[in-house]
Amino acid sequence: MKILSVVGARPQFVKAAVISRAIADRNKAADAGARVEDRIVHTGQHYDPSMSQVFFDELSIPEPAHNLAVSGGPHGQMTGRMLERLEAVIIEESPDWVLVHGDTNSTLAGALAATKLHVPLAHVESGLRSHNRRMPEEINRIVTDSISDLLFVPTAHARETLLAEGVPDDRIIRVGDVMFDATLFHVASAAHRCGVRDTHGLASGSYVLATVHRAENTDDPVRLGQILEGLSRLAQEAPVVLPLHPRTRDSLERAGLLADAARSLVLIDPVGYVEMLDLERHARLIATDSGGVQKEAYFAGVGCITLRDETEWVELVEAGANILAGADADAIVRAAEQLATVPSSSGNLYGDGHAGRAIVDALVQRGR
Ligand code: UD1
Ligand code: UDP
């Protein structure tokens, strides 16, 4: 059995690491003939060492068998280049499954390439919807889900979404969220890591952690300006640490806002995953437009202000762990006040921490 995983963007490295570990664990107990071959294709969508290599090193992800080096470019060009190169890789590898994660352009390209070649396709983190079709990720999810043979959903809500869209029940498997597996596995290492907190003198519970990278925020100077204004107002009460996604650094520079941001916020380069877990666990509050970081805030028991108008992770809002503030400075400040007065919540909305094992078991059972 050969599984070919297509990855390319930062959150996919975290998710793929969980699958690779589950495959390695399974192989330890398997006869030679029953081993699963774990082949990784890196599309090259993210390529800075701090956005890519650091995750392979820290999370012990096997070296990609192929790196397509498709870095940057507008959506059509980026996806098209990936598609062309993935087709050749899939023909060469002839896998039993192609596995794609999440909702990036790498996900879409992997899904299209596999399906056109009639190779079984499985999607991890299936069934998520923002119901906002202006988001590139929403299109990537809808297309990928509609052509996947096996859809691994993290939550009951995601399963219901797929059923309502007409996906046959026997293609959907609720496994929990692989990012929860990842957090549980690495949180002990994070306990020994406090580089950024030490460097900037950030005591536990004394600072706000923020991340911003979503196109709808970075590509709109008005939204970006409002978010910066909201974070700067929070910074009057507590330091706000912002690991800057390269896209956001470029946007702030272009909008002439970088110097302002550097004056009021603690701007740092993107950090590795373990450092990020440490920053999350010790934050007083998290403000983010990231999908993954919203969930990780909940895993850490830290309140989350979501810098978007909607979220796919609706159960976090229902649980009171997450407040949608959009890109509105006043709403960001109000959300911070509100979250300061409610006890932070955490729990297991996202499974039992064994999503990776459940995914690999299902792929083996249903393999051809
Ligand atoms: C992508 C995903 C988004 C995901 C995010 C995770 C799509 C449509 N978007 O957004 O869903 O949440 O990754 O972080 O697939 N850049 C660098 N160095 C890098 C990576 C990016 O400089 O290592 C810069 C380039 O200028 C690039 C821009 O960032 O053009 C945007 O990168 P891209 O991968 O297109 O989108 P993200 O915003 O990272
Ligand atoms: N992350 C990280 N370093 C950072 C910012 C984020 O390791 O500087 C991790 C974060 O902990 C989470 C993942 O990257 O596991 C989320 O990726 P991102 O926010 O880029 O994408 P999204 O989840 O929104 O698709």
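Above this note sits the structure.
Being a predicted model, the structure only gives us computed values, none of them experimental.

Q: What's the story with the pattern of salt bridges in this structure? I'm lost.
A: Here the idea is simple: oppositely charged side chains can pair when their charged atoms come close. Per the stated rule, a full pass over the model turns up 24 salt bridges. Residue Glu 312 pairs with Arg 141 through a salt bridge whose shortest N-O separation is 3.0 Å. Taken together, the positions of Glu 312 in the loop between β12 (304-306) and α15 (314-318) and Arg 141 in helix α5 (residues 136-147) put the pair 171 residues apart, joining distant regions of the chain. With relative accessibility at 5%, the residue Glu 312 sits in the buried group. Salt bridges sharing partners connect three or more residues here, namely Asp 103, Glu 138, Arg 141, Glu 216, Arg 308, Glu 310 and Glu 312.

Q: Sorry if this is basic, but what is going on with the site of ligand 1 here?
A: Of all residues adjacent to ligand 1, which total 21 residues, the nearest are His 46, Asn 105, Glu 137, His 213 and Arg 247. One of the backbone N or O atoms of Asp 48 is found 2.9 Å from an oxygen atom in ligand 1. His 245 is positioned with one of its side-chain polar atoms (N or O) 3.0 Å from an oxygen atom of ligand 1. Here ligand 1 has 740 Å² of accessible area as a free molecule, and 87% of this is covered by the chains. Looking at the shell around ligand 1, the elements that each hand over two or more residues are α3 (75-93), α5 and α11 (246-254). The dominant element in the shell around ligand 1, judged by the number of residues it contributes, is α11, at three residues.

Q: How should the pairing of strand β11 (residues 285-288) be read in this particular structure?
A: Taken residue by residue, a regular strand's side chains alternate between the two faces of the sheet. By the alternation rule, side chains of β11 split into Leu 285 and Ala 287 and Ile 286 and Thr 288, which are all buried. Two elements, β11 and β12, share three bridges in a ladder whose sense is parallel. If you follow Thr 288 over to β12, its bridge partner there is Thr 306. Of the crossover connections in this fold, the one passing from β11 over helix α14 (residues 291-300) to the parallel β12 is right-handed.

Q: Please clarify how the nonpolar core should be interpreted in this entry.
A: If you look at soluble globular proteins, the nonpolar side chains tend to sit buried side by side. Residues Phe 152, Ile 359 and Leu 363 are the most contacted members of the largest nonpolar core, which totals 50 residues. Looking at this core, the element that brings in the most residues is helix α1 (residues 10-28), giving eight residues. Here Leu 363 is in contact with Met 1, Ile 3, Trp 97, Leu 99, Ala 122, Leu 150 and Phe 152, once residues within four sequence places are set aside. Ala 210, Leu 224, Leu 231 and Leu 285 belong to the second-largest nonpolar core, a separate cluster that totals 29 residues.

Q: Where do I start with the site of ligand 2 in this structure?
A: Taken together, 19 residues lie around ligand 2, and Arg 214, Val 271, Ser 290, Gly 292 and Glu 296 are the ones closest in. Between ligand 2 and Arg 10, the relevant distance is 2.9 Å, taken from an oxygen atom to a side-chain nitrogen or oxygen of the residue. Gly 292 places a main-chain nitrogen or oxygen 2.8 Å from an oxygen atom of ligand 2. Within the complex, the protein chains bury 96% of what would otherwise be the 530 Å² of accessible surface of ligand 2. Where the shell around ligand 2 is concerned, the elements lending two or more residues are α1, α13 (273-281) and α14. For the shell around ligand 2, the leading source of residues is α14, giving four residues. The residue makeup of the shell around ligand 2, split by class, is 10 nonpolar, five polar and four charged.

Q: How do you make sense of the sheet that holds strand β6 (residues 150-153) when you look at a structure like this?
A: Across a sheet, strands are paired by hydrogen bonds formed along the backbone, either parallel or antiparallel in direction. Overall, parallel pairing links the seven strands, which are arranged β3-β2-β1-β4-β5-β6-β7 in an open sheet. At either end of the open sheet lies a strand with only one pairing partner, and these are β3 (66-67) and β7 (172-174). Pairing of strand β2 (residues 37-42) with β3, which is carried by two bridges, proceeds in the parallel orientation. Paired with Val 41 across the two strands is His 66, which belongs to β3. This element, α1, spans β1 (2-7), β2 and β4 (97-101) of the sheet and lies at about 140° to β4.

Q: Is there a simple way to explain the pairing of β4 in this structure?
A: Most of β4 is tucked away: five of the five residues are buried. The two faces of β4 match: Trp 97, Leu 99 and His 101 on one face and Val 98 and Val 100 on the other face are all buried. Across four bridges, β1 lies against β4 in parallel orientation. Along β4, the bridge assignment pairs Ile 3 with Trp 97. In this fold, β4 hands off to helix α4 (residues 105-116), which returns the chain to strand β5 (residues 121-124); that crossover is right-handed.

Q: What's the story with the sheet that holds β12 in this structure? I'm lost.
A: What the six strands build is an open sheet, ordered β10-β9-β8-β11-β12-β13; its pairing is parallel. Among the strands making up the open sheet, the edge pair consists of β10 (266-268) and β13 (322-324). Within the sheet, the average angular offset between the axes of one strand and its neighbour, ignoring direction, is 20°. Relative to β10, strand β9 (residues 240-243) is paired through three bridges, and the arrangement is parallel. Across the sheet, Val 241 pairs through a bridge with Val 266, a residue of β10. Set on the sheet, α14 makes contact with β8 (208-211), β11, β12 and β13; between it and β11 the angle comes to about 165°.

Rules used throughout
- Residues numbered from 1 in each chain as written.
- Chains lettered and ligands numbered in written order.
- Predicted model: local features only at pLDDT ≥ 70, side-chain atom pairs only at ≥ 80, totals over all residues.
- Heavy atoms only, no water.
- Salt bridge = Lys/Arg side-chain N within 4 Å of Asp/Glu carboxyl O.
- Helix = DSSP H or I, 4+ residues; strand = E, 2+ residues; numbered from the N terminus.
- Buried < 20%, exposed > 50% of the residue type's maximum accessible area, 1.4 Å probe, protein only.
- Near = heavy atom within 4 Å.
- Polar contact = N/O pair within 3.5 Å; in protein donor to acceptor, adjacent residues only side chain to side chain.
- Areas by Shrake-Rupley, 256 points an atom, 1.4 Å probe, with all protein chains shown as cover.
- Pairing = 2+ DSSP bridges.
- Right-handed = clockwise from strand over helix to strand, strands pointing away.
- Core = buried A, V, L, I, M, F, W, Y, C linked by side-chain atoms within 4.5 Å.
- Contact = heavy atoms within 4.5 Å.
- Nonpolar A, V, L, I, M, F, W, Y, C, P; charged D, E, K, R; others polar.
- Axes fitted to C-alpha atoms, helices over the stretch in contact; angles between N-to-C directions.

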